[in-house]
Amino acid sequence: DVRSSGYRIHSTIDKKMYDALNEAAKNYKYYGHTYTAKEKNADGEEVTVQQPVEVGSVLMENTTGKVLAFVGGRDFKIEELNHATQGRRSNGSTMKPLLSYAPALEYGVIGAGSPLADVKFKRSDGYSPTNFTASEERGIIPAREALAYSQNLTALRLYDSILDRKPATFLEQMGFESLSDGDYVNLSTAIGGLTYGTTVEENTNAFSTFANGGQFIDAYMIDKIVDLDGNIVYEHKVEPKQVFSDATAFMITDMLRDTLKYG
């Protein structure tokens, strides 16, 4: 039917945005060195393959979940993997608002100005994390400042204080599909230490929850499919789900503005 019955597939992609985004990725000059490796081809011959630094990007409309544009990678001929929707990686410090700060605000454990300890610690299992600058400890600082400067120690200490409530269930509700059992209990999850990682699309989609007053709206790329006679074979339906309160969404969004102001 897809090949011969004249289906028309209506996507959410804005072609001008898509082209602009991919042109920017193509012309970016600071990816760094492209590595090479030796592999055997289908004939068993050893060939040199390129391994460039990769890139993935997703541009979403928060209120609808429409994916307006994306960058799937540097070169599909080199690697047939969509780094926007398929490549799973650690989301690093972008996990902090999703898993430490927003849940702590929702539970009423902190407010935007609450004091947090930016001090080193060592657990009984030997886990001894540091900030990005390993020697740095800022002492007692407001939550807003801790998030703006993306301090690891404050995020981990805060997460540890709410870990018994299983805050990773918020990630479930925001579309993270590859969580392991360990991701619910490991402290390092708070700074992106996921077992399997997440995609750029999942991470972007989760952040849109803050922009929607705490409602999660699942991202999508296909609006509808219509057959030759004009019958709608498929049509996407938006189904918002309340994950955080409107107050939590407002506060975490306001705190994140400080990341751009001075953090």
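The structure displayed is predicted, hence computed values, not measured ones. (Residues numbered from 1 in each chain as written. Predicted model: local features only at pLDDT ≥ 70, side-chain atom pairs only at ≥ 80, totals over all residues. Heavy atoms only, no water.)

### With respect to the overall build of the protein chain
Now for step 1: Per the secondary structure count, the protein chain includes 7 helices and 11 strands.
Now for step 2: Principal-axis analysis of the C-alpha atoms gives the protein chain an extent of 65 × 50 × 35 Å.
Now for step 3: Here the protein chain, with 263 residues, has 37% of them falling under the buried criterion.
Now for step 4: Long-range contacts, defined as pairs at least 24 residues apart, comprise 68% of the intrachain contacts of the protein chain with a sequence gap of at least 6.
Now for step 5: For the protein chain, the computed accessible surface area is about 14800 Å², with 50% contributed by carbon and sulfur atoms.
Now for step 6: Distance between charge centroids for the protein chain: 4 Å, based on 27 positive and 36 negative side chains. (Helix = DSSP H or I, 4+ residues; strand = E, 2+ residues; numbered from the N terminus. Buried < 20%, exposed > 50% of the residue type's maximum accessible area, 1.4 Å probe, protein only. Contact = heavy atoms within 4.5 Å. Areas by Shrake-Rupley, 256 points an atom, 1.4 Å probe, with all protein chains shown as cover. Lys, Arg positive; Asp, Glu negative; His and termini not counted. Charge placed at Lys NZ, Arg CZ, Asp CG, Glu CD.)

### What about the packing of aromatic side chains?
Now for step 1: Overall, the coordinates contain 8 aromatic pairs when judged by the stated rule.
Now for step 2: Ring geometry for Tyr28 against Tyr31: centres 4.9 Å apart, planes inclined by 75°, an arrangement best described as edge-to-face.
Now for step 3: Pairing Tyr107 with Phe170 gives two aromatic rings, centres 5.8 Å apart and planes at 50°, and the pair type is tilted. In this pair, Tyr107 is assigned in helix H2 (residues 95–107) and Phe170 in helix H5 (residues 168–173), connecting sequence segments 63 residues apart.
Now for step 4: Owing to a relative accessible area of 23%, Tyr107 belongs among the partly exposed residues under this scheme.
Now for step 5: Among the aromatic residues, those joined into a cluster by ring pairs are Tyr107, Phe170, Phe207, Phe210 and Phe244.
Now for step 6: Over the ring of Tyr31 we find Arg74, and its NZ or CZ is 3.8 Å from the ring centre.
Now for step 7: The ring of Tyr149 is capped by Arg138, whose NZ or CZ atom sits 4.3 Å from the centre of that ring. (Phe/Tyr/Trp six-rings, centres within 6.5 Å; stacked < 30°, edge-to-face > 60°. Lys NZ or Arg CZ within 6 Å of the ring centre and 35° of its normal.)

### A word on the pattern of salt bridges
Now for step 1: With the rule as written, the count across this model stands at 8 salt bridges.
Now for step 2: A salt bridge links Asp258 to Arg144; the shortest N-O distance between them is 3.5 Å. With a gap of 114 residues between them, Asp258 in helix H7 (residues 246–261) and Arg144 in helix H3 (residues 143–148) connect regions that are remote in the sequence.
Now for step 3: With a relative accessible area of 23%, Arg144 lands in the partly exposed category.
Now for step 4: Close ionic contact of Arg257 with Asp254 constitutes a salt bridge, the shortest N to O distance being 3.3 Å. (Salt bridge = Lys/Arg side-chain N within 4 Å of Asp/Glu carboxyl O.)

### A short note on unusual backbone geometry
Now for step 1: Phi angles above zero are rare outside glycine, and Ser150 is one such case at about 55°.
Now for step 2: Relative to the assigned elements, Ser150 resides in the loop between H3 and helix H4 (152–162).
Now for step 3: For Ser150, a relative accessible area of 28% translates into the label partly exposed.
Now for step 4: With a phi close to 55°, Lys166 is a non-glycine residue in the positive phi region.

### Comments concerning the sheet that holds strand S10 (residues 232–235)
Now for step 1: Ordered by their spatial adjacency, 3 strands build an open sheet running S1-S9-S10, and the pairing between neighbours is antiparallel. Among the strands making up the open sheet, the edge pair consists of strand S1 (8–11) and S10. Taking each pair of neighbouring strands and ignoring which way they run, the sheet shows an average axis angle of 10°.
Now for step 2: In this structure, strand S9 (residues 222–226) lies alongside S10, joined through 3 bridges in antiparallel fashion. When the sheet's bridge partners are listed, Ile225 is paired in S10 with Tyr234. (Pairing = 2+ DSSP bridges. Axes fitted to C-alpha atoms, helices over the stretch in contact; angles between N-to-C directions.)

### Observations regarding the side chain of Asn91
Now for step 1: With respect to the helices, strands and loops of the structure, Asn91 is situated in the loop between strand S5 (67–71) and H2.
Now for step 2: Looking at Asn91, the relative accessible area reads 10%, which means it is buried.
Now for step 3: At 3.0 Å, the side chain of Asn91 forms a polar contact with the side chain of Asn203.
Now for step 4: Residues in contact with Asn91, not counting those within four places in the same chain, are Leu98, Phe176, Gly192, Leu194, Thr198 and Asn203. (Polar contact = N/O pair within 3.5 Å; in protein donor to acceptor, adjacent residues only side chain to side chain.)

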